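A closer look at the structure
Each chain, written out:
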Amino acid sequence: MQRSSTVDLITAQLRNAIYEGLLLPGSQLHETIVAQQLGVSRGSLRESAQRLVQDGLLVARPGQGLKVATVGIDDLESLYAARLVIEGAALRT
């Protein structure tokens with residue numbers, strides 16, 4: 001059985017906090033505070049945050065830090081289109 005890395009665990013915690021609404025869309029993530037709250041290094045937190053930026057859950061802006069991504073109308077249309085394709089495929093199997 002493979003053990004999860006610290007970065008994997010941080011990523012999972014932050015992802016769950018976003019999905020559960022504990023970190024609200026548009027809210028600022030203060031690196032130092034979050035690292036202290038999770039009891040991890042800022043380096044591990046940065047690596048985790050970068051993964052979430054790649055997944056579209058966080059947005060990084062130079063000079064502004066990290067924010068939880070917001071979902072716009074264009075994003076919703078894309079999500080519903082993808083959902084229709086996935087549900088249609090699931091019905092056929």
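Above this text is the structure in question.
What comes next concerns the included structure. Not measured: the values here are computed from a predicted model. (Residues numbered from 1 in each chain as written. Predicted model: local features only at pLDDT ≥ 70, side-chain atom pairs only at ≥ 80, totals over all residues. Heavy atoms only, no water.)

Moving on to the packing of helix α2 (residues 31-38) against helix α3 (residues 42-54). It is at 9 Å that the axes of α2 and α3 come closest, and there the two elements cross at 105 degrees. As summarised for this structure, α2 and α3 are arranged roughly perpendicular, according to the angle between their axes. In this structure, α2 uses Glu31, Thr32, Val34 and Ala35 to contact α3, whose residues at the interface are Arg42, Leu45 and Arg46. (Axes fitted to C-alpha atoms, helices over the stretch in contact; angles between N-to-C directions. Helix = DSSP H or I, 4+ residues; strand = E, 2+ residues; numbered from the N terminus. Parallel < 35°, antiparallel > 145°, perpendicular 65-115°, else oblique. Contact = heavy atoms within 4.5 Å.)

As a further point, take a nonpolar patch on the surface. A cluster of nonpolar side chains, namely Val71, Ile73, Leu76, Leu79 and Tyr80, defines an oily patch on the protein surface of about 520 Å² accessible area. By secondary structure assignment, the location of Ile73 is in helix α4 (residues 73-92). A relative accessible area of 58% places Ile73 in the exposed class. (Patch = residues over 30% accessible without salt bridge, like charges linked within 9 Å, V, L, I, M, F, W, Y side chains within 5 Å. Areas by Shrake-Rupley, 256 points an atom, 1.4 Å probe, with all protein chains shown as cover. Salt bridge = Lys/Arg side-chain N within 4 Å of Asp/Glu carboxyl O. Buried < 20%, exposed > 50% of the residue type's maximum accessible area, 1.4 Å probe, protein only.)

Turning our eyes to something else, we now look at the sheet that holds strand β1 (residues 28-29). Reading across from one edge, β1-β3-β2 is the order of the 3 strands in this open sheet, with antiparallel pairing throughout. Since the sheet does not close on itself, it has two edges, and those belong to β1 and β2 (58-61), each with one partner. Across 2 bridges, the pairing between β1 and strand β3 (residues 65-68) is antiparallel. Across the sheet, the residue bridging to Leu29 is Leu66, located in β3. (Pairing = 2+ DSSP bridges.)

Examined against the element boundaries, Glu31 turns out to sit in helix α2. Note on Glu31: relative accessible area 21%, which makes it partly exposed. Side chain to side chain, Glu31 and Arg42 meet in a polar contact 2.9 Å long. (Polar contact = N/O pair within 3.5 Å; in protein donor to acceptor, adjacent residues only side chain to side chain.)

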